[in-house]
Amino acid sequence: MSESWSTDSWKKYPALQQPEWPDPVELGRTCERLASYPPLVFAGETRSLMDKLAQVTRGEAFLLQGGDCAESFGEFTANAIRDKLKVLLQMAVILTHGIGKPVVKVGRIAGQFAKPRSSPMETKGGVSLPSFRGESVNDADFTESARQPDPTRLERAYFQSASTLNLLRAFTSGGYADLKQVHIWNQDFVAKSPQGQRYGKLADQLSENLRFMEVLGINSSNTPILREVDYYTSHEALILEYEAALTRQDSLTGHYYDCSGHMLWIGERTRQPDGAHVEFLRGVKNPVGVKIGPDVRSEDVLTLCSRLNPQNIPGRLTLIGRFGHNKIGQCLPGILRACKAEGLAIVWSCDPMHGNTFGTPNGYKTRSIEHILSELQQFFAIHKAEGTWPGGVHFELTGDDVTECVGGSQEVLVEHLEHRYHTTCDPRLNAAQSLDVAFLVSEALRKTE
Ligand code: PEP
Ligand code: CO
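Residues numbered from 1 in each chain as written. Chains lettered and ligands numbered in written order. Predicted model: local features only at pLDDT ≥ 70, side-chain atom pairs only at ≥ 80, totals over all residues. Heavy atoms only, no water.

A.B. asks: Any chance you could explain the pairing of strand β4 (residues 127-130) here in plain terms?
C.D. replies: Looking along a regular strand, one sees side chains alternate from face to face of the sheet. Looking at chain direction, strand β3 (residues 121-124) and β4 are connected through 4 bridges and run antiparallel. If you follow T123 over to β4, its bridge partner there is S128. Linking β3 to β4, which pair antiparallel, is a turn of 2 residues; within it G125 sits at a positive phi near 50°. (Pairing = 2+ DSSP bridges. Helix = DSSP H or I, 4+ residues; strand = E, 2+ residues; numbered from the N terminus.)

Have a look at this one:
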């Protein structure tokens, strides 16, 4: 990998999982327009996220990252955005209370449109068409025109991300995230469930503490931290033409930032150390993540660390393990030891979703809460045994009452999946299951301390 980096040096390396755009001229024109538009996020914001993630590497904070597997153009409403924020805020309250450390909140939102696929083509009834690659590339309908990659979709994804971010910024600084609202975040359909009631009790306790603090003169008018919340955006940096078009040179530092989101990650399928995705992300200064699955070797992890974070800057690199409940035990300890021996500063995060997907006899792709909890529990136990800090968790979730993952206190069964299976890609935790998981994480972490 050459030393000199530019926003298009990645073009000299193999780029996997890129769409076959039918009209490169149109792609070029779209990217020129994207490059002329305002950035979605600012360099200073990504630096503040980096500082928070640096605290995570020191065991002083915990990372909570979550949202849709894939955002969609169809599900683009204020309520859907608000409800995704609500559930993450609820989970953060549960975790902050349980762990006694600040929780860094990062949504898979405002840019999470493109998807890597296991096969470039999909065949149904003898017909083969290009696979669906996320709505910023093509459409999920199984017709030739729908599956044709269309670069103007990248522009639509940009505008939807801008609008989503605008609402998130309003919610997080305009009073909606005020801790006084802890009860309001509990949605009606969740409030009646066992996890919702458990959350309600926690919210009562918190409200009582806030009243006590108010008596002492500490309130949200004079203490902004009670009123506002830092919430960051993230997505998989998959379509490199899009990411490069949104990369800007910061006038303060002269460094390059990918201004399509605060944190970008490289997926399990595109993390080749000599590939285009690693080349591109090594040159931008945002915090970056890499997904690592059961096939990764410790040497690969060390190479990725030296490419993406040669100066070992704390907070720059998050490794997101997605091994599966039956593989994490073999995979994670060796990787932790190798990185510890090199003194690497890493945010260790656990994605208990992507290694635990399976198909049901009635034709659904699902995940079971039992496997998700098992991978999480093992993640905490392994870190305890190795003397490293289990820095965070990464979930696919939604604020809606969907039936996509099985299990949880509300007992979603395989035969319920057809009721409300709405995801455009992978199965997500619903709002109640998300609270279930947050309570478990907080208990498991407390136990390992
Ligand atoms: C994802 O996060 O949606 C994804 C595709 O993950 P992975 O790269 O870990 O398979
Ligand atoms: Co996914």
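A.B. asks: What should I look at first to understand the site of ligand 1 in this one?
C.D. replies: In the vicinity of ligand 1, the residues found are C69, R108, K115, P116, G267, E268, R269, K291, R322, H354 and E396. Between ligand 1 and the protein, one listed contact pairs an oxygen atom with a side-chain N or O atom of K291 at 2.8 Å. H354 places a polar side-chain atom, nitrogen or oxygen, 2.9 Å from an oxygen atom of ligand 1. When ligand 1 is considered free in solution it has 290 Å² of accessible area, and contact with the protein chains removes 98% of it. Looking at the shell around ligand 1 residue by residue, the classes come out as 2 nonpolar, 2 polar and 7 charged. (Near = heavy atom within 4 Å. Polar contact = N/O pair within 3.5 Å; in protein donor to acceptor, adjacent residues only side chain to side chain. Areas by Shrake-Rupley, 256 points an atom, 1.4 Å probe, with all protein chains shown as cover. Nonpolar A, V, L, I, M, F, W, Y, C, P; charged D, E, K, R; others polar.)

A.B. asks: Please clarify how the packing of aromatic side chains should be interpreted in this entry.
C.D. replies: Note on aromatic pairs: each is described by the distance of the centres and the angle between the planes. On inspection of all chains with the given rule, the structure shows 10 aromatic pairs. Consider the rings of Y37 and F159, whose centres lie 5.3 Å apart with planes at 50°: the pair is tilted. Pair noted here: Y37 is in the loop between α1 (24-36) and α2 (43-57) and F159 is in helix α5 (residues 152-173), with a separation of 122 residues, a long-range link. Ring geometry for F171 against Y176: centres 4.9 Å apart, planes inclined by 50°, an arrangement best described as tilted. Judged by relative accessible area, which is 16%, F171 ranks as buried. Against the face of W389 rests K101, its NZ or CZ located 5.0 Å from the ring centre. Taking NZ or CZ as reference, R198 lies 4.0 Å from the ring centre of F439, over its face. (Phe/Tyr/Trp six-rings, centres within 6.5 Å; stacked < 30°, edge-to-face > 60°. Buried < 20%, exposed > 50% of the residue type's maximum accessible area, 1.4 Å probe, protein only. Lys NZ or Arg CZ within 6 Å of the ring centre and 35° of its normal.)

A.B. asks: Would you mind showing me how to read unusual backbone geometry here?
C.D. replies: Within the chain, A110 stands out as a residue other than glycine whose phi angle is a positive 55°. Looking at the element boundaries, A110 is found in the loop between β2 (103-108) and β3. A110 sits in the buried class, given a relative accessible area of 0%. A positive phi angle is found at N312, which is not glycine, with a value near 55°. Of note, N312 is situated in the loop between α10 (298-308) and β10 (317-321).

A.B. asks: What's the story with the pairing of strand β5 (residues 231-236) in this structure? I'm lost.
C.D. replies: With 6 of 6 residues buried, β5 is to be regarded as a mostly interior element. With burial as the criterion, each face of β5 is covered, one bearing Y231, T233 and H235 and the other bearing Y232, S234 and E236. Bridging between β2 and β5 involves 4 bridges; their strand directions are parallel. Within the sheet, the bridge partner assigned to K105 lies in β5 and is Y231. When β5 meets strand β8 (residues 263-266), the two strands line up parallel, connected through 3 bridges.

A.B. asks: Looking at this structure, I do not really get the pattern of salt bridges. What am I missing?
C.D. replies: Side-chain pairing between opposite charges can occur once the charged atoms of the two side chains come close. Considering all chains together, one arrives at 26 salt bridges under this definition. Of the charged contacts, one joins D83 and R82 as a salt bridge, the two residues approaching to 3.0 Å between their closest N and O atoms. Accessibility expressed as a relative area gives 7% for D83, which makes it buried. You can call R82 partly exposed: its relative accessible area is 24%. Overlapping salt bridges bring together D68, E75, K84, E404 and R428 as one network. (Salt bridge = Lys/Arg side-chain N within 4 Å of Asp/Glu carboxyl O.)

A.B. asks: Any chance you could explain the coordination of the cobalt ion (ligand 2) here in plain terms?
C.D. replies: Six octahedral donors at a metal ideally form angles of 90 or 180 degrees, and four tetrahedral donors ideally form angles of 109.5 degrees. Only C69 (SG), H354 (NE2), E396 (OE) and D426 (OD) from the protein reach the cobalt ion (ligand 2) as donors, at distances of 2.1 to 2.4 Å. When the donors of the cobalt ion (ligand 2) are listed by position in the chain, the intervening gaps give C-x284-H-x41-E-x29-D. Of this pair, E396 sits in strand β14 (residues 392-396) while D426 is found in the loop between β14 and α13 (431-448), placing the two residues 30 residues apart along the sequence. Each of the two residues, E396 as well as D426, counts as buried. (Donors = N, O, S within 2.8 Å, 3.2 Å for Na, K, Ca; no water.)

A.B. asks: Would you take a moment to explain the nonpolar core for this structure?
C.D. replies: Grouped burial of nonpolar side chains is what soluble globular proteins tend to show. Among the nonpolar cores identified, the biggest contains 115 residues, and L376, F395 and V441 are the most heavily contacted of them. When residues in this core are grouped by element, the largest group, 11 residues, is from helix α3 (residues 78-99). What F395 contacts, discounting residues up to four positions off in sequence, is L64, Q65, G66, G67, M91, R108, P352, M353, L376, L429, V437 and V441. (Core = buried A, V, L, I, M, F, W, Y, C linked by side-chain atoms within 4.5 Å. Contact = heavy atoms within 4.5 Å.)

A.B. asks: Would you mind showing me how to read the packing of α10 against helix α11 (residues 328-341) here?
C.D. replies: The packing of two helices is summarised by the inter-axis angle and the distance between the axes. One way to put it is that α10 packs onto α11 with a least axis distance of 9 Å and a crossing angle of 45°. When the axis of α10 is compared with that of α11, the two are oblique. Regarding α10 and α11, the two cross each other, and that crossing is right-handed. Residues S298, V301 and L302 of α10 pack against G334, I335, A338 and C339 of α11. (Axes fitted to C-alpha atoms, helices over the stretch in contact; angles between N-to-C directions. Parallel < 35°, antiparallel > 145°, perpendicular 65-115°, else oblique. Left-handed = near helix turned anticlockwise from the far one by under 90°.)

A.B. asks: Please clarify how the environment of F132 should be interpreted in this entry.
C.D. replies: The residue F132 is located in the loop between β4 and α4 (144-147) in this model. Not counting chain neighbours up to four residues away, the residues in contact with F132 comprise R117, N138, D139, A140, R147 and T424.

A.B. asks: What's the story with the sheet that holds strand β11 (residues 347-350) in this structure? I'm lost.
C.D. replies: Note on sheets: strands pair through backbone hydrogen bonds, and any given pair is parallel or antiparallel. With parallel pairing, 8 strands are arranged side by side around a closed barrel as β1-β2-β5-β8-β9-β10-β11-β14. Averaged over all neighbouring strand pairs, the angle between strand axes comes to 25°, with direction disregarded. As defined by bridge partners, strand β1 (residues 62-67) adjoins β14 across 5 bridges and the pair is classed as parallel. Within β14, the residue paired with G67 across the bridge is E396.

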